[in-house]
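Structural overview for review
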Amino acid sequence: MDFFTVLNKRGSVRQFTDKPVPREMLEIIVNAARKAPTANNIQPWEFIVITQPEMLLAIAAHTDHGRFIQDAPACIAVFCADTKYYLEDGCAAVENILLAATALHLGACWVAGDKKPYTEQIGALLQAPEKFRLVALIPLGYPVNAIEPREKRPLNAVIHWEKF
């Protein structure tokens with residue numbers, strides 16, 4: 001799938017089949033994440049791939065809007081060392097995860113991590129060192145239904161030339 005097709009097909013998926021995602025695909029997705037841009041090439045990220053149903057259930061139980069994580073065959077937890085630009089760097093990696101999943105015909109959804117009350121609990125559950133911050137949880141798998149991207153504001157409503 002070419003890049004612009006991937007952009008146009010990406011959408012949030014919260015319902016997955018129970019078909020496991022092959023390890024090779026998960027590695028391709030994390031490899032795409034690690035190639036994201038990062039301030040000063042610090043690369044502060046670490047990625048935890050979770051596939052054990054008990055752990056997916058435990059993670060889901062801590063979230064406020066991510067209960068569907070328990071039904072995903074996999075989830076990637078994105079952590080970053082607490083650097084000056086950890087959030088920007090981590091979000092760039094998350095976007096690469098979402099686009100890579102779409103390119104592989106998988107569904108995924110960005111579940112917020114940073115600034116959520118459950119970040120420390122999930123960090124402890126996944127045994128992340130305290131100096132790392134949870135940026136996001138990305139449940140992914142084969143979608144139950146066709147991915148329906150949401151309507152976006154038109155280009156002429158968001159583009160400005162020279163000034164606002």
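In this text, all values refer to a predicted model and were calculated from it rather than measured experimentally. (Residues numbered from 1 in each chain as written. Predicted model: local features only at pLDDT ≥ 70, side-chain atom pairs only at ≥ 80, totals over all residues. Heavy atoms only, no water.)

A short note on the overall build of the protein chain
- Counting its regular elements, the protein chain contains 6 helices and 5 strands.
- In the protein chain, the succession of α and β elements from N to C terminus is α-α-β-α-β-α-β-β-α-β-α.
- The globule rule puts the C-alpha radius of gyration for 164 residues at 15 Å, and the 16 Å found for the protein chain is close to it.
- For the protein chain, the proportion of contacts with a sequence separation of at least 24, taken over those separated by at least 6, is 79%.
- In the form shown here, the protein chain has an accessible surface area of approximately 10,000 Å², with 53% of it arising from carbon and sulfur atoms. (Helix = DSSP H or I, 4+ residues; strand = E, 2+ residues; numbered from the N terminus. Rg over C-alpha atoms; globule rule 2.2 N^0.38 Å. Contact = heavy atoms within 4.5 Å. Areas by Shrake-Rupley, 256 points an atom, 1.4 Å probe, with all protein chains shown as cover.)

Some points on the pattern of salt bridges
- According to the stated counting rule, one finds 5 salt bridges in the structure shown.
- For Arg133, the salt bridge identified is with Asp114, shortest N-O distance 3.4 Å. In this pair, Arg133 sits in strand β5 (residues 132–141) while Asp114 sits in the loop between β4 (111–112) and α5 (119–125), placing the two residues 19 residues apart along the sequence.
- By relative accessible area, which is 31% here, Arg133 ends up partly exposed. (Salt bridge = Lys/Arg side-chain N within 4 Å of Asp/Glu carboxyl O. Buried < 20%, exposed > 50% of the residue type's maximum accessible area, 1.4 Å probe, protein only.)

Some remarks on the side chain of Asp89
- Structurally, Asp89 can be placed in helix α4 (residues 86–103).
- Here Asp89 occupies a buried position and makes no salt bridge, while the nearest side chain of opposite charge, Lys84, is found at 11 Å.
- Aside from chain neighbours lying at most four places away, what touches Asp89 is Pro37, Thr38, Ala39, Pro44 and Trp45. (Lys, Arg positive; Asp, Glu negative; His and termini not counted.)

What about the nonpolar core?
- Counting 28 residues, the largest nonpolar core has Ile29, Phe47, Ile76, Ile97, Leu106, Ile138 and Leu140 as its most contacted members.
- Of all the secondary structure elements, the ones that give two or more residues to this core are α2 (23–34), β1 (45–50), β2 (74–81), α4 and β5.
- Of all the elements, α4 adds the most residues to this core, at 8 residues.
- Counting residues in each nonpolar core, the second largest holds 22 residues, with Ile50, Ile59, Ala77 and Ala81 among its members. (Core = buried A, V, L, I, M, F, W, Y, C linked by side-chain atoms within 4.5 Å.)

Focus: the environment of Leu26
- Following the sequence through the fold, Leu26 ends up in helix α2.
- Among the residues examined, Leu26 registers a relative accessible area of 6% and is labelled buried.
- Remark: the alpha-carbon pair of Leu26 and Ala60, spanning 34 residues in sequence, is separated by 20 Å.
- Leaving out residues up to four positions away in the same chain, Leu26 has contacts with Val21, Val49, Thr51, Ala74 and Leu140.

Overview of the packing of α2 against α4
- Packing of α2 against α4 brings their axes to within 7 Å, and their N-to-C directions diverge by 145°. Relative to α4, the crossing made by α2 is right-handed. Where α2 abuts α4, its residues Ile29, Ala32 and Ala33 lie against Ala93, Asn96, Ile97, Ala100 and Ala101.
- Here the contact of α2 with α4 is composed, by residue class, of 7 nonpolar, 1 polar and no charged. (Axes fitted to C-alpha atoms, helices over the stretch in contact; angles between N-to-C directions. Left-handed = near helix turned anticlockwise from the far one by under 90°. Nonpolar A, V, L, I, M, F, W, Y, C, P; charged D, E, K, R; others polar.)

A few points about unusual backbone geometry
- Backbone geometry places Gln43, a non-glycine residue, at a positive phi of 50°.
- Tracing the chain through its elements places Gln43 in the loop between α2 and β1.
- Positive phi is not limited to glycine here, since His105 has a value of about 65°.
- Inspection of the secondary structure assignment puts His105 in the loop between α4 and β3 (107–108).

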